[in-house]
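Remarks on the overall topology
Listed below, chain by chain, are the residues.
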Amino acid sequence: MITREIRLAAHVTGEPGPDHFTTAETEVDGEVIVRTDYAGLAATYLELMRADCRIPVPAWQPGDRVGAAVVGTVVRSDSPDLTVGDLVQSMTGWSEYSAGPAAQYVKLDRGLFPDPSYHLGQGVTAYHGVADVAAVGEGDVVFVSGAAGGVGSLAGQIARCRGAARVIGSAGSRAKAAYLVDELGYDAAFDYHDGPVADRLRELAPEGITVFFDTVGGEQYRAAVQAARPGARFALCGSLSHQLGGGADRFPEPDRTAAEAKGVELLPFSCHHTPQQVAAWREHFARWLGEDRFVFPQTVVEGGIEEVPGAFLSMLKGAYRGNVAVRLA
């Protein structure tokens, strides 16, 4: 079978662009053949496109298929473990079809969520950071940076479901800030372009924050330190404010001196998860959805495989809200 796939044309050294991707045709054959229904997009993939990848996963090389998370349907199987029509998830990447041993595909429950694209959400990262790392509970005052993104839009809701007293989010526009409050249940939100972040936090959390879930870094991290109560927990998930520019400073070491002076606990964590972490998220996600306590914020882009790189670049620039997936025509 001939399929089209997206390959990395060149390592990203600064800001990514269309020239970093190419579309190619290739033949697929194996124990199982899967049609890709949804291609996942995540900011983490940008780091894997750099030659000096700074996360503990092998970087993608020029000529490689972009090995992103996808959800698809089995169309041929010689394995007793998978049958035609099964819904599966894999890291086989941005291609119309994939093939390989059955072991590289994880069978999914079609009835667990309202749509198969829900399986591509970044909830495992959000749940692990909020529940396990920061241990958010009753009475916490939580600030989430990048709260309209794929991780942040879930992190604030998870904090609320775990009993946080107040949840505050930052976003890149007033419309996104309103969306956080009106649709996702944040208690307050602000556009970080509207003046110093520290001033907004003093206004919205006058008694200080006890938890910071950070996906951005930079000014927002520094403002959170100023707003932190003694003993606050900082779950450090990412530093998108630095990542887009590339270079050695894209994962800057957080200023520990000011944090330690206030007794802030800095808790960086990995976005690569154990089966137990995946199972914990899916259990809570399904239950909260069923109880109407949770909204899954996502943007589904319609198009062919050639639309995926453009959607990825638009996501990095903040064009979408929530988790982003491309539904392949």
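Residues numbered from 1 in each chain as written. Predicted model: local features only at pLDDT ≥ 70, side-chain atom pairs only at ≥ 80, totals over all residues. Heavy atoms only, no water.

**Observations regarding the nonpolar core**
- Ranked by internal contacts, the top residues of the largest apolar core, which has 41 residues, are Val136, Ile158, Leu180, Phe213, Trp281, Phe285 and Phe294.
- Listed by contribution, the elements that provide at least two residues to this core are helix H2 (123–133), strand S8 (141–144), helix H3 (152–161), strand S9 (166–171), helix H4 (174–182), strand S11 (209–214) and helix H9 (275–290).
- At six residues, the largest contribution of residues to this core is made by H2.
- In contact with Leu180, other than residues within four places in its own chain, are Ala147, Ala148, Gly169, Ser170, Ala171, Gly185, Tyr186 and Ala189.
- Counting 36 residues, the second largest nonpolar core, distinct from the first, contains Leu8, Ala39, Cys53 and Val326. (Core = buried A, V, L, I, M, F, W, Y, C linked by side-chain atoms within 4.5 Å. Buried < 20%, exposed > 50% of the residue type's maximum accessible area, 1.4 Å probe, protein only. Helix = DSSP H or I, 4+ residues; strand = E, 2+ residues; numbered from the N terminus. Contact = heavy atoms within 4.5 Å.)

**Here we look at the environment of Glu138**
- With respect to the element layout, Glu138 can be found in the loop between H2 and S8.
- Residue Glu138 is classed as exposed on the basis of its relative accessible area of 71%.
- Once the C-alpha coordinates of Glu138 and Cys53 are considered, the two residues, 85 residues apart in sequence, prove to be 38 Å apart.

**A closer look at the sheet that holds strand S10 (residues 188–191)**
- Pairing in this open sheet of six strands is parallel, and the strands run S10-S9-S8-S11-S12-S13 from one edge to the other. In this open sheet, the two strands that pair with only one neighbour each are S10 and strand S13 (265–268). With direction set aside, neighbouring strand axes in the sheet form an average angle of 15 degrees.
- Both strand S12 (residues 228–236) and S13 contribute to a ladder of four bridges, which runs parallel. What sits directly across from Ala235, in S13, is Leu267.
- In the packing of H3 onto the sheet, contacts are made with S8, S9 and S11, and the angle to S8 comes to roughly 175 degrees. (Pairing = 2+ DSSP bridges. Axes fitted to C-alpha atoms, helices over the stretch in contact; angles between N-to-C directions.)

Geometric values such as these leave the question of function open.
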